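# Structure at a glance
Next come the chains, spelled out residue by residue.
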Amino acid sequence: AQRVTQPEKLLSVFKGAPVELKCNYSYSGSPELFWYVQYSRQRLQLLLRHISRESIKGFTADLNKGETSFHLKKPFAQEEDSAMYYCALSGWTGRRALTFGSGTRLQVQP
Amino acid sequence: GAGVSQSPRYKVAKRGQDVALRCDPISGHVSLFWYQQALGQGPEFLTYFQNEAQLDKSGLPSDRFFAERPEGSVSTLKIQRTQQEDSAVYLCASSGPGGGTETQYFGPGTRLLVL
């Protein structure tokens, strides 16, 4: 069975501090990994996906197949980064549905 | 262009009532997904359509849940004889036009409260 684990419900940092949101997964095969973000009173939106290898809003995430992790990182947090972050995975074929983690709330304090 | 829209945004139902939740996907999107998000949890998959065909309904929690997309665009999720445990946010997402690995775009959700 596929599973996504986000061990932290809440992560609180000060502005300018580095951020790392943890995500571990289990999947029999080679998954596609995503980070979705939900800002206050907004809908869930894609932040980045591992195949794109992009840096969005200063965030990056590297897929580590050995550790089955896809941690989200940003070197210097901004107050506008405060939001709910969800890690998700899907398979490449067959079922295209996303399996989400339970989410981590990031609070960036001034 | 317009994103995914859902209606109603909020629904209060008495236990035992039937409810119908509507999703308007992005025009031209082939794939449509329904998810259920309980308080404090991530979204959980309910069902998936490719055009009008329901290809996966493995996430529907009981036979009280039914979804349709008869013309391959608008979709309706129906819950019969609602129970308190059905209280959640119901999210719709669409992707396409290829029906493959495209990004899923989410609607604002319908918050259902069953009393």
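These remarks concern the structure in this document. All values derive from a computational prediction rather than experimental measurement.

With that out of the way, let us pick up the packing of aromatic side chains. Inspection of every chain in the model, using the stated rule, returns eleven aromatic pairs over all chains. Ring centres 6.2 Å apart and planes at 40 degrees place the aromatic pair Phe34 of chain A and Tyr36 of chain A in the tilted group. With respect to class, Phe34 of chain A is no different from Tyr36 of chain A; both count as buried. Measuring from centroid to centroid gives 6.2 Å for Phe33 of chain B and Tyr35 of chain B, while their planes differ by 25 degrees, and the two rings are stacked. Aromatic rings pair up to connect Phe34, Tyr36, Tyr86 and Phe100 of chain A together with Phe33, Tyr35, Phe45, Tyr48 and Phe106 of chain B into one cluster.

A word on the pairing of strand S3 (residues 19-24) of chain B. Residue and element names in this part refer to chain B. Side chains of S3 alternate between two faces, with Val19, Leu21 and Cys23 buried and Ala20, Arg22 and Asp24 left unburied. Pairing analysis gives five bridges linking S3 to strand S8 (residues 75-79), with the strands arranged antiparallel. Following the sheet pairing, Val19 is matched in S8 by Ile79.

Quick look at the sheet that holds strand S3 (residues 19-21) of chain A now. All names here are of chain A. An order of S3-S8-S7 is seen for the three strands of this open sheet, with the pairing classed as antiparallel. The open sheet has two edge strands with one neighbour each: S3 and strand S7 (60-61). Note that S7 and strand S8 (residues 72-74) share two bridges and pair antiparallel. By the bridge assignment for S8, Ala61 is matched with Leu72.

What follows is about the pairing of strand S11 (residues 104-109) of chain A. Residue and element names in this part refer to chain A. Across the two faces of S11 the burial differs, with Thr104, Leu106 and Val108 buried and Arg105, Gln107 and Gln109 not buried at all. Relative to S11, strand S9 (residues 83-90) runs antiparallel, the two being bridged by three bridges. The residue of S11 that forms the bridge with Ala83 is Leu106.

Quick look at the nonpolar core now. Trp35, Leu47, Leu48, Phe70, Leu72 and Tyr85 of chain A are the most contacted members of the largest nonpolar core, which totals 24 residues. Contributions of two or more residues to this core are made by strand S2 (10-14), S3, strand S5 (32-38), strand S6 (45-49), S9 and S11 of chain A. At four residues, the largest contribution of residues to this core is made by S9 of chain A. The next biggest cluster of nonpolar side chains, apart from the first, holds 20 residues, and it includes Cys23, Leu46, Ile79 and Leu112 of chain B.

Residues and elements named next belong to chain B. Going through the model one piece at a time under the given rule, you end up with seven salt bridges over all chains. For Asp24, the salt bridge is made with Arg22, and the minimal N-O distance between the two is 2.7 Å. Among the residues examined, Arg22 registers a relative accessible area of 38% and is labelled partly exposed. Notably, a salt bridge pairs Asp86 with Arg64, separated by 2.8 Å at the nearest N-O pair. Of this pair, Asp86 sits in the loop between S8 and strand S9 (88-95) while Arg64 sits in the loop between strand S6 (53-56) and strand S7 (65-68), and the two are 22 residues apart along the sequence.

Turning our eyes to something else, we now look at unusual backbone geometry. Residue Pro8 of chain B is reached from Ser7 of chain B by a cis peptide bond, and omega for that bond is -10 degrees. Position of Pro8 of chain B relative to the elements: it lies in the loop between strand S1 (5-7) and strand S2 (10-13). Phi at Arg41 of chain A takes a positive value of approximately 65 degrees, unusual for a residue other than glycine. Structurally, the position occupied by Arg41 of chain A is in the loop between S5 and S6. The residue Thr68 of chain A is not glycine, and still its phi comes out positive at about 45 degrees. Structurally, Thr68 of chain A can be placed in the loop between S7 and S8.

Our focus in this paragraph is the side chain of Ser90 of chain A. Residues and elements named next belong to chain A. Among the structural elements, Ser90 can be located in strand S9. For Ser90, a relative accessible area of 1% puts it in the buried group. Excluding anything up to four places from it in sequence, Ser90 contacts Pro31, Glu32, Phe34, Arg96, Ala97 and Leu98.

The rules behind the values
Residues numbered from 1 in each chain as written. Chains lettered and ligands numbered in written order. Predicted model: local features only at pLDDT ≥ 70, side-chain atom pairs only at ≥ 80, totals over all residues. Heavy atoms only, no water. Phe/Tyr/Trp six-rings, centres within 6.5 Å; stacked < 30°, edge-to-face > 60°. Buried < 20%, exposed > 50% of the residue type's maximum accessible area, 1.4 Å probe, protein only. Helix = DSSP H or I, 4+ residues; strand = E, 2+ residues; numbered from the N terminus. Pairing = 2+ DSSP bridges. Core = buried A, V, L, I, M, F, W, Y, C linked by side-chain atoms within 4.5 Å. Salt bridge = Lys/Arg side-chain N within 4 Å of Asp/Glu carboxyl O. Contact = heavy atoms within 4.5 Å.

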